[in-house]
Amino acid sequence: MKITAIETLVCHARMRNWIFVKVVTDQPGLIGWGEATLEWHTRSIVGAIEDMSHLLIGEDPTRVEYLWQMMYRQHFWHGHGIVRATAIAGIDLALWDIVGKVANMPLSKVFGGPVRDWVRTYCHLGGGKMEDFYQTPADNAKRFAELAQQAVADGYTAFKSMAVPSTMPIEGMKPVRAAAAAVAAMREAVGPDIDIMVDCHARPSPAMGLKFGKALDDFGLYFFEEPCWPEAVDGLAKINAALTTPVASGERVTNLEAFKDMFEKRAVEICQLDITHCGGLSAAKRIAALAEAHRIALAPHNPQGPVSTAASLEFGFSQPSYIICETVHNDVPWRQDVVEEGFSIEAKGRIVRPNTKPGLGITINEAEVKKHPFQQEIVLREFSPDGAVTDW
């Protein structure tokens, strides 16, 4: 069995271009699907996959670890930059999909069998609609409450919000009060038994992240996400130590060594590795083992397309430290038209039952993908009140 081609299919989904990776073999009908979506870097990813494909054509697709090492270590530069790590991930997912199909088992069984009967999911406010999630002002507490109620009406028992505004490296209490008012409104709207997450998008400095964290600590958040840059590991650890709310981060971390530093400094209680950015399932399994040694939970970052979601779920069924799966369902109205999935979702509680099909259990509708060709992603920029560039 040999790899004969590695192809990319780009599908424009408003804020993102989903990049599906198709690994073709010389066995009739045997292909693997992966995803390598990276906002605002679509052309770079497609080019990186083409560059790496020359390493893999003619190789046995079931030698996944061998091929991962080849992609990561060959061509001189190691593959932990965001573009190359994402490209590796897309191919790696497709290779694992092939392994599952050859074994005629879902990947969770290939990895040793499901460790749970179902996986819990959470949504973004607005279901992933860009305007609701990213552009609702933090001082519009009423709108946050409305969106929170809609998430619960949609069946979710947990949701994520961006209730923390951009700030200067040091500011007074006005933005902190706005964030607290938004979270208070959401808590009042949904009651004490619904889990609320707040995502800071790594906008604050460590000092401001600590201010926000302390102001929100009494609301019983499920987790407090990216309160400062993940590179500021010492600042992240200081915030985590000061709060009762678990701190989550890791979506922008792309190599095992950086996760090791984050875990050893106890900078997080929840690791948000992104399977499509950290090097795929092969890398994610190593990170998960390291997290388990530190008793750190897993809640992978997953706002991308449907192949990423299938991979996160297969990972979740196989990992004991996995607690919840991030999902979006309303980013584009035709999301389900491009994919056939092997798992099932229960409307009440939005829990997922295991995939019953081989590999990732998904099939991409290539004809539907062609209806949504590449478009430049929407440019999203963020500035401080004085006009200085800040984090989006």
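Reading guide: rules and limits
Residues numbered from 1 in each chain as written. Predicted model: local features only at pLDDT ≥ 70, side-chain atom pairs only at ≥ 80, totals over all residues. Heavy atoms only, no water. Axes fitted to C-alpha atoms, helices over the stretch in contact; angles between N-to-C directions. Helix = DSSP H or I, 4+ residues; strand = E, 2+ residues; numbered from the N terminus. Parallel < 35°, antiparallel > 145°, perpendicular 65-115°, else oblique. Left-handed = near helix turned anticlockwise from the far one by under 90°. Contact = heavy atoms within 4.5 Å. Nonpolar A, V, L, I, M, F, W, Y, C, P; charged D, E, K, R; others polar. Salt bridge = Lys/Arg side-chain N within 4 Å of Asp/Glu carboxyl O. Pairing = 2+ DSSP bridges. Buried < 20%, exposed > 50% of the residue type's maximum accessible area, 1.4 Å probe, protein only.

The N-to-C vectors of helix 1 (residues 42-56) and helix 2 (residues 64-73) enclose an angle of 130 degrees; their axes lie 10 Å apart at closest approach. For the element pair helix 1 / helix 2, the angle class is oblique. Crossing of helix 1 against helix 2: the hand is right-handed. Residue-level inspection shows Met-52, Leu-55 and Leu-56 of helix 1 in contact with helix 2, the latter providing Leu-67, Met-70 and Met-71. Along the lines of polarity and charge, the residues of the contact of helix 1 with helix 2 split into six nonpolar, no polar and no charged.

Using the criterion set out here, one finds 19 salt bridges in the structure. For Asp-97, the salt bridge goes to Lys-101, with nearest N and O atoms at 3.1 Å. Separated by four residues within a single helix, Asp-97 and Lys-101 lie in helix 3 (residues 82-103), roughly one turn from each other. Between Glu-264 and Lys-260 there is a salt bridge, with its nearest N and O atoms 3.0 Å apart. Of this pair, Glu-264 and Lys-260 both sit in helix 10 (residues 256-264), four residues apart, which is roughly one turn of the helix. Via salt bridges that share partners, Lys-142, Arg-143 and Glu-146 belong to a single interconnected network.

Let us now look at the sheet that holds strand 2 (residues 16-25). One open sheet holds the three strands; their spatial order is 1-2-3, and the pairing between them is antiparallel. The sheet is open, and its two edges are formed by strand 1 (3-13) and strand 3 (31-35), each paired on a single side. With direction set aside, neighbouring strand axes in the sheet form an average angle of 20 degrees. Across the face of the sheet, helix 12 (residues 306-318) comes into contact with strand 2 and strand 3 while running at roughly 95 degrees to strand 3.

So, about the environment of Trp-229. Among the secondary structure elements, Trp-229 is positioned in the loop between strand 7 (223-225) and helix 9 (233-242). Accessibility expressed as a relative area gives 47% for Trp-229, which makes it partly exposed. When the C-alpha atoms of Trp-229 and Val-102 are compared, they prove to be 41 Å apart, with 127 residues separating the residues in sequence. Not counting the four nearest positions on each side in its chain, Trp-229 is found in contact with Ala-202, Pro-204 and Asp-391.

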